[in-house]
Amino acid sequence: ILLEMLFRCNLLAYVGTTSPHRVLMWDDHVQKPIGELSFRQPVLQIKLRRAAIAIALKDRVYVYHLSDLSLRDKIYTAENLHGLLSISTTSGGDMVLACPSVTEGHVRVELYGLRKTVVSDG
């Protein structure tokens, strides 16, 4: 089971044990789902930010706009069985995302505000 809450608000992202390929967006104020994302691989990690949701699978990361769940970015990674993924959570700043690079042992950092990608040297 994976569960991620957006700060201290009513939005939750949930992956259950019965459907590990599906992320359900839940609004606790209305007590019902407000969106769903499905994948061919099991979801390993979820990260929420005010304007985005990032989802780690075995070999890629998907980033969606939280407002309408439209795809913002797809990032290929090396095998990432632990779902390593992090995003900045400050509400005023531009989003920064870190995940494994396609080269094993390297880290990829996406600086969305600068439209720049940085990959570690290892």
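Nothing here was measured: the structure is a model prediction, and the numbers come from that model.

1. Some points on the sheet that holds strand β8 (residues 71-76)
What the four strands build is an open sheet, ordered β5-β6-β7-β8; its pairing is antiparallel. The sheet terminates laterally at β5 (45-49) and β8, the two strands that pair on one side only. Across this sheet, the average inter-strand angle for adjacent strands is 15 degrees, counted without regard to direction. Pairing of strand β6 (residues 52-56) with strand β7 (residues 60-65) involves five bridges; the strand directions are antiparallel. Along β7, the bridge assignment pairs I55 with Y62.

2. Structural notes on the sheet that holds strand β3 (residues 22-27)
Spatially, β1-β2-β3-β4 is the arrangement adopted by the four strands of the open sheet, whose pairing is antiparallel. The sheet is open, and its two edges are formed by β1 (2-5) and β4 (32-38), each paired on a single side. On average, each strand axis in the sheet is tilted by 20 degrees relative to the strand beside it, whichever way the strands run. With four bridges connecting them, strand β2 (residues 11-15) and β3 associate as antiparallel partners. Residue pairing across strands places L12 opposite W26, the latter belonging to β3.

3. A word on the nonpolar core
As a rule of thumb, nonpolar side chains are buried together in soluble globular proteins. Ranked by size, the top nonpolar core spans 18 residues in total, and within it V23, L37, F39, V43, I53 and I55 carry the most contacts. Among the elements of the structure, β2, β3, β5, β6 and β7 are those that each provide at least two residues to this core. Per-element accounting of this core gives the leading share, three residues, to β2. With twelve residues, the next largest nonpolar core counts A52, V61, L85 and Y112 among its residues.

4. Regarding the environment of L69
Topologically, L69 is positioned in the loop between β7 and β8. You can call L69 buried: its relative accessible area is 19%. As for L69 and A52, which are separated by 17 residues in sequence, their C-alpha atoms are 8.3 Å apart. If sequence neighbours within four positions are ignored, L69 has contacts with M25, G35, E36, L37, I53 and Y64.

5. Details of the pattern of salt bridges
Counted under the stated rule, the structure contains three salt bridges. Note that R22 is salt-bridged to E36, the shortest N-O span being 3.9 Å. Pair noted here: R22 is in strand β3 and E36 is in strand β4, with a separation of 14 residues, a long-range link. We classify E36 as partly exposed; its relative accessible area is 42%. For the salt bridge of D59 with R60, the shortest nitrogen-to-oxygen distance reads 3.0 Å. We classify R60 as buried; its relative accessible area is 18%.

6. Focus on the side chain of R49
Of note, R49 is situated in strand β5. Buried charge without a salt bridge: R49, with D94 as the nearest opposite-charge side chain at an N-O distance of 6.2 Å. A polar contact is formed between the side chain of R49 and the backbone oxygen of S88, at a distance of 2.8 Å. Sequence-distant contacts of R49, defined by excluding residues within four places in its chain, comprise L6, L66, I87, S88, T89, T90, G93, D94 and M95.

Rules of the game
- Residues numbered from 1 in each chain as written.
- Predicted model: local features only at pLDDT ≥ 70, side-chain atom pairs only at ≥ 80, totals over all residues.
- Heavy atoms only, no water.
- Pairing = 2+ DSSP bridges.
- Helix = DSSP H or I, 4+ residues; strand = E, 2+ residues; numbered from the N terminus.
- Axes fitted to C-alpha atoms, helices over the stretch in contact; angles between N-to-C directions.
- Core = buried A, V, L, I, M, F, W, Y, C linked by side-chain atoms within 4.5 Å.
- Buried < 20%, exposed > 50% of the residue type's maximum accessible area, 1.4 Å probe, protein only.
- Contact = heavy atoms within 4.5 Å.
- Salt bridge = Lys/Arg side-chain N within 4 Å of Asp/Glu carboxyl O.
- Lys, Arg positive; Asp, Glu negative; His and termini not counted.
- Polar contact = N/O pair within 3.5 Å; in protein donor to acceptor, adjacent residues only side chain to side chain.

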